[in-house]
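Fold and contact review
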Amino acid sequence: MTFDVQIDGVPVRLEVHRDGDLYRFRLGDQEERQAQLAEVEPGVFSVLLDGRSYEARAEYGDECAWITVRGRRFRVAITDPRRWTQSSAALHGHDRETIVASMPGKIVRVLVLPGETVAAGQGVIVIEAMKMQNELKARRAGRLPAVPAREGETVAAGAILATIE
């Protein structure tokens, strides 16, 4: 996959290929590199890169993620043109949040119906990925005009599972 990324405000192209916990990536015009990545607890990752082990911590915001490695904090914003994100919605004057699959998986349960109202932090969908079930929650209160996800359905990373207005 190829993404347009901003790291601390500097735009760069990121190419990523994943095979299990092994990632091959190219940042801009640099040579391709490999890293092993495993999430050891929510928001904490163990990274093995060039024979060195690193701990990376991720904090997720509405428009970016803050990644901390060895005491250095980076602001990372990724643009994936296949997704409708909150930031692109703001550019078009809409106040909309989409809940997307962060990795391929299977929809186990849909906890809300189209037209229902949800509170911030309320569970919307349960997805199973890598033999773990994860409840995806609304980041804000609102009404769900669309819930395209269906129980039992297999979804790809980046698939839109629900929309909140």
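Above this text sits the structure in question.
The sections below set out a description of the structure shown in this document. (Residues numbered from 1 in each chain as written. Predicted model: local features only at pLDDT ≥ 70, side-chain atom pairs only at ≥ 80, totals over all residues. Heavy atoms only, no water.)

1. Describing the nonpolar core
Core analysis: the biggest nonpolar cluster contains 17 residues, and Ile 107, Val 124, Ile 125, Ile 127, Leu 144, Leu 161 and Ala 162 have the highest contact counts within it. Mapped by element, the contributors of at least two residues to this core are β12 (123-129) and β16 (160-164). Contact partners of Ile 125, with chain neighbours within four places excluded, come to Ile 107, Arg 109, Leu 111, Asn 134, Glu 135, Leu 136, Ala 149, Leu 161 and Ala 162. By size, the runner-up hydrophobic cluster in this structure holds 14 residues, among which are Leu 14, Tyr 23, Tyr 54 and Val 76. (Core = buried A, V, L, I, M, F, W, Y, C linked by side-chain atoms within 4.5 Å. Buried < 20%, exposed > 50% of the residue type's maximum accessible area, 1.4 Å probe, protein only. Helix = DSSP H or I, 4+ residues; strand = E, 2+ residues; numbered from the N terminus. Contact = heavy atoms within 4.5 Å.)

2. Observations concerning the pairing of strand β7 (residues 65-69)
Relative to β7, strand β6 (residues 52-60) runs antiparallel, the two sharing five bridges. When the bridges of β7 are listed, Ala 56 appears paired with Val 69. Bridging between β7 and strand β8 (residues 72-79) involves five bridges; their strand directions are antiparallel. Looking across to β8, one finds that Val 69 is bridged to Arg 72. The loop that links β7 with its antiparallel partner β8 comprises two residues; one of these, Arg 70, has a positive phi angle of about 50°. (Pairing = 2+ DSSP bridges.)

3. Observations regarding the sheet that holds β7
Reading around the barrel, the eight strands line up as β1-β2-β3-β4-β5-β6-β7-β8 and close back on themselves, with antiparallel pairing between neighbours. Averaged over all pairs of adjacent strands, the angle between strand axes in this sheet comes to 35°, irrespective of strand direction. Bridge count for strand β1 (residues 2-7) against strand β2 (residues 10-19) is six bridges, and the pairing is antiparallel. Among the inter-strand pairings, Gln 6 is bridged to a residue of β2, identified as Pro 11. (Axes fitted to C-alpha atoms, helices over the stretch in contact; angles between N-to-C directions.)

4. A word on the sheet that holds β12
Spatially, the four strands line up as an open sheet ordered β13-β12-β10-β15, and their pairing is antiparallel. Edge positions in the open sheet fall to β13 (132-137) and β15 (154-155), since each of these has one partner strand only. Direction of pairing for strand β10 (residues 105-110) relative to β15: antiparallel, over a ladder of two bridges. Across the sheet, residue Lys 106 finds its bridge partner in β15, namely Thr 154.

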